[in-house]
Amino acid sequence: GAVVSQHPSRVICKSGTSVKIECRSLDFQATTMFWYRQFPKKSLMLMATSNEGSKATYEQGVEKDKFLINHASLTLSTLTVTSAHPEDSSFYICSAKGDREEDTQYFGPGTRLTVL
Amino acid sequence: GDSVTQMEGPVTLSEEACLTINCTYTATGYPSLFWYVQYPGEGLQLLLKATKADDKGSNKGFEATYRKETTSFHLEKGSVQVSDSAVYFCALGGATNKLIFGTGTLLAVQP
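Residues numbered from 1 in each chain as written. Chains lettered and ligands numbered in written order. Predicted model: local features only at pLDDT ≥ 70, side-chain atom pairs only at ≥ 80, totals over all residues. Heavy atoms only, no water.

Right, let's get into the overall build of chain A. When its secondary structure is counted, chain A shows zero helices and 11 strands. Secondary structure elements in chain A, listed N-terminal to C-terminal, are β-β-β-β-β-β-β-β-β-β-β. Relative to the compact-globule value of 13 Å for 116 residues, chain A shows a C-alpha radius of gyration of 13 Å, a close match. Here the C-alpha coordinates of chain A stretch approximately 40 × 25 × 25 Å along the principal axes. Considering only intrachain contacts with a sequence separation of at least 6, the fraction spanning at least 24 residues in chain A is 55%. When the accessible area of chain A is evaluated, it comes to approximately 6000 Å², of which 50% is carbon and sulfur surface. Averaging the positions of the 13 positive and the 12 negative side-chain charges in chain A gives two centres separated by 9 Å. (Helix = DSSP H or I, 4+ residues; strand = E, 2+ residues; numbered from the N terminus. Rg over C-alpha atoms; globule rule 2.2 N^0.38 Å. Contact = heavy atoms within 4.5 Å. Areas by Shrake-Rupley, 256 points an atom, 1.4 Å probe, with all protein chains shown as cover. Lys, Arg positive; Asp, Glu negative; His and termini not counted. Charge placed at Lys NZ, Arg CZ, Asp CG, Glu CD.)

The structure is reproduced here in structure tokens:
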């Protein structure tokens, strides 16, 4: 099956710093990638949808200047949490999808961000 | 708007017991329906899916049937194992490519 990787798997940073999370599709071309945030014992909340070569579409209530998303190639998308604060601590998950309408989303293993 | 409702957990079962996790949905159009599983400390994995009414998705002994008349996609397994312990998410996928998830149901299987 399709494989999606994320790096890093865990990151701890100080308040005020920026953190970049990478999402890669390893064996298929991902025309669309999605970024989710998962709170403890809660469901996944879609943050934004990114298409290769174009600007990301953010969900209502998600600050685009705080969560910068870049989808520069068909196999790589990055999420940068700028000026991180403790309330940004969460589990961030990406997913990737091919260009056919029936393509399934394949999820990465997630990145645990802890902001001190 | 579109939404997914699934039964709250945790669900605690003994090994070899039958499992049903209820999932109902509200949607315009004809969505695809999915079950994803999240094992402890890991990301989501697609368990099974169905793309149209009356389709049955199945994988690893799990099954779910897309019931348009009851707007349901209940997950079932005849005999659970300890290794099935995980969080199970029902999800709906519409024309926008977005997935809408239920809140997840924690399954704990005891030996």
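A separate point is the overall build of chain B. Summing up its helical and strand segments, chain B has zero helices and 12 strands in all. Counted from the first residue to the last, chain B has its helices and strands arranged as β-β-β-β-β-β-β-β-β-β-β-β. For 111 residues, the compact-globule formula gives about 13 Å, and the C-alpha radius of gyration of chain B, at 13 Å, lands near that figure. Buried residues in chain B amount to 42% of all 111 residues. Sequence-distant contacts in chain B: of pairs separated by 6 or more residues, those separated by 24 or more amount to 54%. (Buried < 20%, exposed > 50% of the residue type's maximum accessible area, 1.4 Å probe, protein only.)

In this section: the pairing of strand β8 (residues 76–81) of chain A. Residues and elements named next belong to chain A. Of all six residues that make up β8, six are buried, and the element is covered over most of its length. The two faces of β8 match: L76, T78 and T80 on one face and S77, L79 and V81 on the other face are all buried. Across six bridges, the pairing between strand β3 (residues 19–25) and β8 is antiparallel. Of the residues in β8, the one forming a bridge with R24 is L76. Here strand β7 (residues 67–73) hands over to β8 after two residues, the two strands then running antiparallel side by side. (Pairing = 2+ DSSP bridges.)

Attention shifts here to the sheet that holds β3 of chain A. All names here are of chain A. Pairing within the open sheet is antiparallel, and its four strands lie in the order β1-β3-β8-β7. On the outer flanks of this sheet lie β1 (4–7) and β7, each paired with one strand and no other. Direction aside, the axes of adjacent strands within the sheet are offset by 15° on average. Judged from the four bridges that link them, β1 and β3 form a sheet pairing that is antiparallel. (Axes fitted to C-alpha atoms, helices over the stretch in contact; angles between N-to-C directions.)

With that out of the way, let us pick up the state of the cysteines. All names here are of chain A. Applying the stated criterion to the full structure yields two disulfides over all chains. The disulfide bridge from C23 ends at C94, spanning 2.0 Å between sulfur atoms. Judged by the sign of its S-S torsion, about 80°, the cystine formed by C23 and C94 is right-handed. In this pair, C23 is assigned in strand β3 and C94 in strand β9 (residues 90–97), connecting sequence segments 71 residues apart. (Disulfide = S-S within 2.5 Å.)

This paragraph deals with the interface of chain B and chain A. When the parts of a complex come together, some accessible area is lost, and that lost area is often taken as the interface size. Facing the 15 residues of chain B at the interface are 17 residues of chain A. Of the roughly 1300 Å² buried between chain B and chain A, counting both surfaces, carbon and sulfur atoms make up 55%. Area buried by chain B at its contact with chain A is led by L44, N97 and K98 of chain B, which between them contribute 36% of it. Measuring nitrogen to oxygen at the nearest pair gives 2.9 Å for the salt bridge that ties E59 of chain A to K98 of chain B. Taken together, the elements giving at least two residues each to the side of chain B that touches chain A come down to β5 (32–38), β6 (44–50) and β11 (99–101) of chain B. When its residues are assigned to classes, the side of chain B that touches chain A shows seven nonpolar, five polar and three charged. (Buried area = accessible area lost by both parts, 1.4 Å probe. Salt bridge = Lys/Arg side-chain N within 4 Å of Asp/Glu carboxyl O. Nonpolar A, V, L, I, M, F, W, Y, C, P; charged D, E, K, R; others polar.)

All names here are of chain A. Tracing the sequence through the fold places S77 in strand β8. For S77, a relative accessible area of 0% translates into the label buried. A polar side-chain atom of S77 sits 3.0 Å from a polar atom in the side chain of W35. Separated by 3.2 Å, the side chain of S77 and the backbone oxygen of N70 make a polar contact. When sequence neighbours within four positions are dropped, the list of residues in contact with S77 reads I21, E22, C23, M33, W35, S50, I69, N70 and H71. (Polar contact = N/O pair within 3.5 Å; in protein donor to acceptor, adjacent residues only side chain to side chain.)

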